Amino acid sequence: MVTKIKIALTGFDLMPPFVGDAKLTAKLLASARETFEIASLLSVTQGDVKAFERNFAQLRPYYFDFASLMPPSHHQWAIVGLNLMNLLTANRISDFHAEIELLSVPAHTAADHAASASSSSSSSASLSSSASSLQHARKALTNEYVAFPVQLEQYLMEGSYNKVLKARGDVPMSYYSFFMENLVNTVRERLAVCTEKAYDSLSVAEVQQLLKFNSSAEVTEFAKQRDWNVSNDGIISFPKVDASRIELPSHKLLQQTIGYATELERII
């Protein structure tokens, strides 16, 4: 059904400049925006990350470029937050920060297109658009849906993995749980690597508390996946790398260093 609606939308003039009836344009744009919002949320429900990324890419202009031409959406910041969660889960940190930067500055809206189509009141429309965009940006950064992934990213940068695991129960809406579970699995893997290096063995109960599992059965299954040895008395032994077998190419590194020094001396 959503696909059929998307196809139907191609029959309408939804690209700038918008020179027709303003009320009709706003209605059409709002309908298109709602369609892509439903498609984005549906893709999250189905666990289809690629579909979510496509739908959000189509939805983005309606949030940021055409914002001045229609009333704001009640779902905007929830879906923007979902996009941030997706970037964070995929470890696309540079893209994550780029999105935050875009929210931190006044957005360029479609008021410019409307102003170019109408010669009257262009100055006042531009000033009104700038003020509205600045207020919109401030609201975005303090919105709970945006603040949640921003806080998670800070936890990850600090290495506060336990805080990330605890935040699993504090998601602002149910749609966030999909990305949160993926993030939790990533964090568990990082903690597991650290645990293997720091301890020779731990009890199942200790690992359950450390990695925030809900039951000992989940710990046992996770241990099997990582080739941890679980004894009958509930003790997990971690595999250790034989340090005596680790060889450093010291001779090769020494030759390279001397070569660099020689070349540097020649240049000087």
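Residues numbered from 1 in each chain as written. Predicted model: local features only at pLDDT ≥ 70, side-chain atom pairs only at ≥ 80, totals over all residues. Heavy atoms only, no water.

1. Considerations on the confidence of the model for the protein
Turning to step 1, where the next piece is worked out: Looking at the protein as a whole, its pLDDT mean stands at 81, while 76% of the residues score no less than 70.
Turning to step 2, where the next piece is worked out: The secondary structure element of the protein with the lowest average pLDDT is helix α6 (residues 111-117), at 44, and the one with the highest is helix α4 (residues 76-89), at 94.
Turning to step 3, where the next piece is worked out: The low-confidence segment residues 107-127, where pLDDT is below 50, has 22 contacts with residues more than four positions distant or belonging to other chains. (pLDDT = per-residue confidence, 0-100. Helix = DSSP H or I, 4+ residues; strand = E, 2+ residues; numbered from the N terminus. Contact = heavy atoms within 4.5 Å.)

2. Side note on helix α8 (residues 144-158)
Turning to step 1, where the next piece is worked out: In this model, α8 (15 residues) spans 21 Å end to end at C-alpha, consistent with the 21 Å of a helix rising 1.5 Å per residue.
Turning to step 2, where the next piece is worked out: Turning to α8, its buried residues are Val-146, Phe-148, Pro-149, Leu-152, Glu-153, Tyr-155 and Leu-156.
Turning to step 3, where the next piece is worked out: The opening residue of α8, the one whose side-chain oxygen lies 2.8 Å from the backbone nitrogen of Tyr-145, is Asn-143. (Expected span 1.5 Å × (residues − 1). Buried < 20%, exposed > 50% of the residue type's maximum accessible area, 1.4 Å probe, protein only. Polar contact = N/O pair within 3.5 Å; in protein donor to acceptor, adjacent residues only side chain to side chain.)

3. Let's talk about the packing of helix α3 (residues 49-64) against α4
Turning to step 1, where the next piece is worked out: Contact pair α3 / α4: the axes reach a minimum separation of 11 Å and the direction vectors enclose 135°. Taken together, the axes of α3 and α4 are oblique relative to one another. The element α3 and its partner α4 pack so that their crossing is left-handed. Contact residues: α3 offers Val-49, Phe-52, Glu-53, Phe-56, Leu-59, Arg-60, Tyr-63 and Phe-64, while α4 offers Gln-76, Ile-79, Val-80, Leu-82, Asn-83 and Asn-86.
Turning to step 2, where the next piece is worked out: Looking at the contact of α3 with α4 residue by residue, the classes come out as nine nonpolar, three polar and two charged. (Axes fitted to C-alpha atoms, helices over the stretch in contact; angles between N-to-C directions. Parallel < 35°, antiparallel > 145°, perpendicular 65-115°, else oblique. Left-handed = near helix turned anticlockwise from the far one by under 90°. Nonpolar A, V, L, I, M, F, W, Y, C, P; charged D, E, K, R; others polar.)

4. Describing the nonpolar core
Turning to step 1, where the next piece is worked out: Membership of the largest hydrophobic core comes to 55 residues, with the highest contact counts inside it found for Val-80, Leu-152, Val-164, Met-180, Val-207 and Trp-228.
Turning to step 2, where the next piece is worked out: If we ignore the near neighbours within four places in the chain, the residues touching Val-164 are Leu-152, Tyr-155, Leu-156, Met-180, Leu-183 and Val-187. (Core = buried A, V, L, I, M, F, W, Y, C linked by side-chain atoms within 4.5 Å.)

5. Notes on the packing of aromatic side chains
Turning to step 1, where the next piece is worked out: According to the stated counting rule, one finds eleven aromatic pairs in the structure shown.
Turning to step 2, where the next piece is worked out: Between Trp-228 and Phe-238, the ring centres sit 4.8 Å apart and the planes meet at 80°, which makes this aromatic pair edge-to-face. You can see Trp-228 sitting in the loop between α12 (216-225) and β2 (229-230) and its partner Phe-238 sitting in the loop between β3 (235-237) and α13 (250-267), a full ten residues away along the chain.
Turning to step 3, where the next piece is worked out: Residue classification places Trp-228 among the buried residues on the basis of a relative accessible area of 6%.
Turning to step 4, where the next piece is worked out: Overall, Phe-238 belongs to the buried group, its relative accessible area being 6%.
Turning to step 5, where the next piece is worked out: Taken together, the ring pairs in this structure connect Phe-52, Phe-56, Phe-178 and Phe-179 into an aromatic cluster.
Turning to step 6, where the next piece is worked out: Seen from the ring of Phe-213, Arg-188 lies directly overhead, with NZ or CZ sitting 4.1 Å from the centre. (Phe/Tyr/Trp six-rings, centres within 6.5 Å; stacked < 30°, edge-to-face > 60°. Lys NZ or Arg CZ within 6 Å of the ring centre and 35° of its normal.)

6. Quick look at α4
Turning to step 1, where the next piece is worked out: Between its first and last C-alpha atoms α4 spans 20 Å; for 14 residues at 1.5 Å apiece the expected length is 20 Å, and the two agree.
Turning to step 2, where the next piece is worked out: Across the 14 residues of α4, 14 count as buried, placing the element largely inside the fold.

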